[in-house]
Amino acid sequence: MPDPLLALNALNAHYGDFQALYDVDMSIERGEVVSIIGANGAGKTTLMRSISGLTWNDPAQVVFGGRPIGDLRADLIAGLGIALVPEGRQLFPSLSVEENLVLGGKTRRPGPWSLDKVYDLFPILGERRSQASTSLSGGQQQMVAIGRALMANPELILFDEISLGLAPVVIGTIYDVLPGIIGEGMTALLVEQDISRALAVSSRVYCLQEGRVSLEGRTDKVSREDITEAYFGAAAA
Amino acid sequence: MSAPAVTRATRASRIATVVAALGLVVLMLAPWWAGRADMRLMGEIYLYLSLACLWNLMAGYAGLVSVGQQAYVGFGGYMLFALTVFGGLHPIAAIVAAGGLAAVVSVPVATLIFRLKGAYFAIGTWVVAEVFRLSFAQVSALGGGSGSSLPVGIVRSLSSSRSGREALSYWLALGAAVLVIGTVYLFLRSRRGLALTAIRDSEAAASGLGIDIWRTKLEVYVVTSALTAVIGGLIFLQKLRISPDAAFSVNDWTAFVIFIVVIGGIGTLEGPIIGTLVFFAIRETLADFGTSYLMILGAVAIVVMLKAPKGIWGLIRDRFDLELFPLSYRVHQNGGEGGTLR
Amino acid sequence: MIEWVNALVQGILLGGLYALFAAGLSLIFGVMRLVNIAHGDLIVLAAYIGLSTTMILGVHPFVALLIVMPVMAAIGYALQRGLLNQALGDDILPPLLVTFGLSVIIQNALLEGYSADPQKLNGGVIETASISLGGLAVGILPLLTFAIAVAVIAVLQWVFYSTGLGRGFRAVSDNQEIAQLMGLNKAHVFGLAMALALGVTAIAGILLGVRTSFDPAIGGGRLIFGFEAVIIGGLGNLWGTLAGGVILGVAQTLGAKIDPGWQLLAGHVAFLVVLAVRPNGLFPRVEH
């Protein structure tokens, strides 16, 4: 069996002074779509920061394509092919829509995604390419954030709470395009509080509770009850 | 099981109090045991120590990082000259009055430069110091750009004998240092000190607690400005000669003071004391090397800032959990040593 | 009357030099929120490197720029990567104190190397040449200085808003973490920004040295002029910085016209008045 694309080995990560993750093991195969669910403070954001290199750990705790990257700088990890769609979009306010997208392609990795393809995917962005990114609606900003990550032609794309703060109809639009993106052979890791959305697009799920993996399984095998228990703890089940 | 007791004093701080009291008595008797040059050096040490404590109160506790305190050193010096020569005041009265005048002047200055934040505030204070320097250079009665000396008659009014003047000048410097350290210590122990700590930890949270941040910072600025002017008066009472460039020197009255505080440990009361001793040790050892001692000093300050930002005292405190000035609250459970709340 | 017009024109042209002092300061603050206290001393350092270059190679100070600019840029990059990047963070104290220490070191190193004697760069005929503009004799050197300032700011503006390098500067300025996720090496981007800023500083230093005499102690004053130009013009606005430099220059020459002792004082007072009336400067940057 070939190496997984991403492996977390007993990851212990800190958020500020607090330990946010305890001995987290995960493994993501190429082409998989995996969702990570958990309550606020379960360690989801720290997980994303650890994988993308914004939080440093021991090298072997994060392994990407067989290479230990736990202590690698974020910009080098980006060059290896991991892109993040961050929570809250976090576009560059002093850059136009197109400049945000062009900067996403800074790593110049070869692949299917280009400015034109992003505009094909989200035509509204093409119309507003020269506007300031802050002048767009929340949903349009999320499209820029997704497009910006795609421009890097990543092997692994991380989505952090992409539905947070958006209207339901906008969330629907965004989730409608996700399968098309992932269909391009990309591997995706999806952090989401909207459990049903997450389960619908992913094949496997990890549940985090207070920094530990409380459940792991195929989305068609785990029950709602299992998830509720893993999400809130045994007391709530 | 007894209820936890909250105290501020520790064994180390009680010992420190006794040692400090004994030390103070010994230092007060210096005119009887120290030589003329030593007394002069010690007087200079006390005045630098005072400047360092005051700058530390502003930058280390109130977050007001000024590089323009020479404004008030020079102001105090010039007021000593102006009030004695033209106002006919006794030098000591003139120095006290200089402090009061500096407090008055510092209020409008603060309302203006508090509009600048962070590093821009720092350079803004420097601009103010330049305005002071250029303004006093315009006053021809005080010697204009080349400065003037304190008339002999005024110097004699302190004491008719040279040794009497030197002893008085020494005691004034020592007294000023005790006054400054005491004021800063009491200020920090008061409710205002608690407000400052809250502001330092989080301005947003402090303002949520109903603390008027602007006003608290203003109070610190006014108090430090007044005391800095007093120290400035004493500095030029020792020198007996003043000129705009000497009175408002950024190197002498701010750069060295900042280095002292950083090396000793910013944001602690002990830091400036240790920093002053280290500064004078470096200065006296390397004085023969001319300007290169300043380069060494600058380099030491940079290294300390980057490698040990809490300074020498920070290193000592982290290692031994020592505190000579009891500012923190300590919680004791069942007589145990307990934790420290800072 | 003509003397006042003359003072006004001289002030405007002097403002070009102050804008050059300020441009590097403004750029650095814009990209990494660093206020470099040693900026004035670096201007003076550039003038001294220019002095050595002209003496060793026997070239005109402007030709010496071909050497001084890359040297200063290299110093800037090395300084940023080797020292200043370590000082950057949420706390404003470390960068302030580190650059303050740097300022003292540069000053005293220059003192050791070149002594406290005033020096001057010899610009030759250009120093005294002038042209007649509507009855006013306007010096070629001040005119050239102003033209260079306009050109430098235009170039910086272009770099900042129309090149990939500038895109990187703005992205890092907006959000350092996310910029790194795009593959930008923050430390390198900051190094390039400081290199560019000190390249501009090289131009400022040479023009300063040709215009007036200089000694190791004048750095602090140049920092303050640059700082005042930045604040008067409004933070983060390069053309505003030029306007700020002009206002400062005009205030100084008009002040000097009234009384020679008031030259610097008038400039500082103008700055304090702007601070009192318009705390955000005259032309604060508008977020688009």
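Above this text you will find the structure in question.
Worth saying up front: this structure is predicted, and the values here are computed from it rather than measured.

About the thresholds
For every chain, the first residue of its written sequence is number 1, and the numbers climb from 1 along that sequence. The lettering of chains begins at A and the numbering of ligands begins at 1, in the order of writing. Per-residue local features of the predicted model are confined to residues with pLDDT of at least 70, and side-chain atom pairs are confined, for both listing and counting, to 80 or more; whole-chain, interface and lining totals are unaffected and use all residues. Side-chain numbers come from the whole structure's heavy atoms, not from hydrogens or water. Only DSSP runs of H or I with at least four residues qualify as helices, and only runs of E with at least two residues qualify as strands; both kinds are numbered from the N terminus onward. Radius of gyration means the value over C-alpha atoms here, while the globule rule gives 2.2 Å times the residue count to the 0.38 power. Residue exposure (1.4 Å probe, protein chains only): buried if accessible area is under 20% of the type maximum, exposed if over 50%, otherwise partly exposed. Residue burial considers only the protein chains on display, and all accessible areas are found by Shrake-Rupley using a 1.4 Å probe. Two residues qualify as a contact provided that any one of their heavy atoms is within 4.5 Å of a heavy atom in the partner residue. Here's the idea: put two parts together, see how much 1.4 Å probe accessible area each one loses, and the total over both is what we call buried area. Salt bridge, as used here, is a side-chain nitrogen of Lys or Arg placed within 4 Å of a carboxyl oxygen of Asp or Glu. Residues are sorted three ways: Asp, Glu, Lys and Arg are charged, Ala, Val, Leu, Ile, Met, Phe, Trp, Tyr, Cys and Pro are nonpolar, and all the rest, Gly among them, are polar. Two N or O atoms count as a polar contact when they lie within 3.5 Å, although within protein this holds only if one can serve as hydrogen donor and the other as acceptor, and sequence-adjacent residues are included solely when both atoms are side-chain atoms. Two strands form a pair only when DSSP identifies at least two bridges running between them. Note on definitions: angles span 0 to 180 degrees between N-to-C directions of axes, and those axes are lines fitted to C-alpha atoms, for helices only across the stretch in contact. In plain words, nonpolar cores are sets of buried Ala, Val, Leu, Ile, Met, Phe, Trp, Tyr and Cys residues tied together by side-chain atoms within 4.5 Å. Helix span, expected: 1.5 Å multiplied by one less than the number of residues in the helix. The rule is short: rings of Phe, Tyr and Trp, with Trp giving its six-membered ring, pair when the centres are within 6.5 Å, and they are stacked under 30 degrees, edge-to-face over 60, tilted in between. By definition, being over a ring means that NZ of Lys or CZ of Arg is both within 6 Å of the ring centre and within 35 degrees of the ring normal. Each patch is built from residues that are more than 30% exposed by relative accessible area and take part in no salt bridge. Like charges join if they lie within 9 Å; nonpolar side chains (Val, Leu, Ile, Met, Phe, Trp, Tyr) join within 5 Å. Throughout this description, any angle smaller than 35 degrees is read as roughly parallel, any larger than 145 degrees as roughly antiparallel, any in the 65 to 115 degree range as roughly perpendicular, and the remainder as oblique. Rotating anticlockwise by less than a right angle from the far helix to the near helix defines a left-handed crossing, while the corresponding clockwise rotation defines a right-handed one.

**Points about the overall build of chain C**
In terms of regular secondary structure, chain C is built from eleven helices and two strands. Order of helices (α) and strands (β) in chain C, N terminus to C terminus: α-α-α-α-β-β-α-α-α-α-α-α-α. Computed over the C-alpha atoms, the radius of gyration of chain C is 19 Å, within 12% of the 19 Å expected from 2.2 N^0.38 for a compact globule of 288 residues. Overall, chain C is about 60 × 50 × 35 Å in size when its C-alpha atoms are taken along their principal axes. Residues counted as buried form 57% of the 288 residues belonging to chain C. Surface summary for chain C: the accessible area is close to 10500 Å², and the carbon and sulfur share equals 66%.

**So, the overall build of chain B**
A count of helical and extended segments in chain B gives 16 helices and five strands. Within chain B, contacts between residues separated by at least 24 positions form 75% of all contacts whose residues are at least 6 apart in sequence.

**Description of the interface of chain C and chain A**
Taken together, the contact pairs 17 residues of chain C with 23 residues of chain A. Summing both partners gives a buried area of about 2000 Å² for chain C against chain A, and 59% of it is carried by carbon and sulfur. Area buried by chain C at its contact with chain A is led by R167, L181 and M182 of chain C, which between them contribute 34% of it. Taken together, chain C and chain A are joined by two salt bridges. With a closest N to O distance of 2.6 Å, E99 of chain A and R170 of chain C form a salt bridge. Per-element accounting of the side of chain C that touches chain A gives the leading share, five residues, to helix α7 (residues 176–181) of chain C. Here the residues of the side of chain C that touches chain A are counted per class, giving seven nonpolar, five polar and five charged.

**A short note on the interface of chain C and chain B**
At the interface, 42 residues of chain C touch 37 residues of chain B. Both faces considered, chain C and chain B share a buried interface measuring about 3600 Å² in area, 84% of it formed by carbon and sulfur atoms. Looking only at chain C, the three residues that lose the most surface to chain B are L97, F100 and F227 of chain C, adding up to 16% of its buried area. Linking chain C with chain B are zero salt bridges, by the criterion used here. If you look at where chain C meets chain B, you find five residue pairs in polar contact (both at pLDDT 80 or more). Where the side of chain C that touches chain B is concerned, the elements lending two or more residues are α3 (61–87), α4 (93–114), α9 (219–233) and α11 (263–277) of chain C. For the side of chain C that touches chain B, the element with the most residues is α4 of chain C, which contributes 15 residues. Among the residues making up the side of chain C that touches chain B, the classes are represented as 32 nonpolar, seven polar and three charged.

**Some details on the side chain of Q140 of chain A**
Of note, Q140 of chain A is situated in helix α6 (residues 138–150). Since its relative accessible area comes to 14%, Q140 of chain A is described here as buried.

**Quick look at the sheet that holds strand β1 (residues 6–15) of chain A**
Residues and elements named next belong to chain A. In space, the four strands of this open sheet follow the order β2-β1-β4-β5, with antiparallel pairing throughout. At either end of the open sheet lies a strand with only one pairing partner, and these are β2 (18–28) and β5 (67–68). Lying over the sheet, helix α1 (residues 44–52) contacts β1, β2 and β4 (62–64), oriented at roughly 115° with respect to β1.

**Focus on the nonpolar core**
Membership of the largest hydrophobic core comes to 239 residues, with the highest contact counts inside it found for L47 and L189 of chain A. If one sorts the elements of this core by residue count, helix α3 (residues 36–61) of chain B sits on top with 16 residues. In contact with L189 of chain A, other than residues within four places in its own chain, are L6, I28, V34, I36, M48, I51, L156, I157, L158 and F159 of chain A.

**Some remarks on α9 of chain C**
All names here are of chain C. Relative to the 21 Å expected for 15 residues at 1.5 Å per residue, α9 spans 21 Å between its end C-alpha atoms, a close match to the ideal helical length. By the criterion of burial, α9 is predominantly enclosed, with 14 of the 15 residues buried. Looking one or two places after α9, you find G234, whose phi comes out positive at around 110°.

**Quick look at α11 of chain C**
Spanning 15 residues, α11 of chain C covers 22 Å between terminal C-alpha atoms, matching the ideal 21 Å at 1.5 Å per step. Looking at the buried residues of α11 of chain C, the elements they touch are α5 (91–113) and α6 (118–138) of chain B together with α9 and α10 (238–258) of chain C.

**With respect to the side chain of R170 of chain C**
By the element assignment, R170 of chain C lies in helix α6 (residues 164–174). Exposure remark for R170 of chain C: the relative accessible area of 4% places this residue in the buried category. Excluding residues within four positions of it along the chain, R170 of chain C makes contact with S94, L95 and E99 of chain A together with F160 and Y161 of chain C.

**Topic: the packing of aromatic side chains**
Considering all chains together, one arrives at 28 aromatic pairs over all chains under this definition. Each ring, one from F279 of chain B and one from F280 of chain B, has its centre 5.2 Å from the other, and the planes form 85°; the classification is edge-to-face. Take F279 of chain B: its relative accessible area is 3%, and that puts it in the buried class. Each member of the aromatic cluster is reached from another via a ring pair, and the members are Y72, F75, Y78, F114, F121, F132, F136, W214, Y221 and F248 of chain B. In this arrangement the basic side chain of R212 of chain A is found over the ring face of Y22 of chain A, its NZ or CZ atom lying 4.3 Å from the centre.

**Some points on a nonpolar patch on the surface**
Residue and element names in this part refer to chain B. On the surface, a nonpolar cluster with roughly 760 Å² of combined accessible area is contributed by V25, V26, M28, L29, W32, W33 and W171. Of all the secondary-structure elements, those providing two or more residues to the nonpolar patch are α1 (11–28) and α2 (30–33). For the nonpolar patch, the element with the highest residue contribution is α1, accounting for three residues. Following the sequence through the fold, W32 ends up in helix α2.

**A short note on the packing of helix α13 (residues 250–264) of chain B against α4 of chain C**
Two quantities define a packed helix pair, namely the angle between the helix axes and the distance between the axes. Orientation of α13 of chain B relative to α4 of chain C, taken along the N-to-C sense of each, is 130°, at an axis distance of 11 Å. With respect to their mutual orientation, α13 of chain B and α4 of chain C come out oblique. For the pair α13 of chain B and α4 of chain C, the crossing hand works out as left-handed. Only L97, F100, G101, V104 and Q107 of chain C of α4 of chain C make contact with α13 of chain B, whose side of the interface consists of V250, N251, T254, A255, I258, F259 and V262 of chain B. Here the residues of the contact of α13 of chain B with α4 of chain C sort into eight nonpolar, four polar and no charged.

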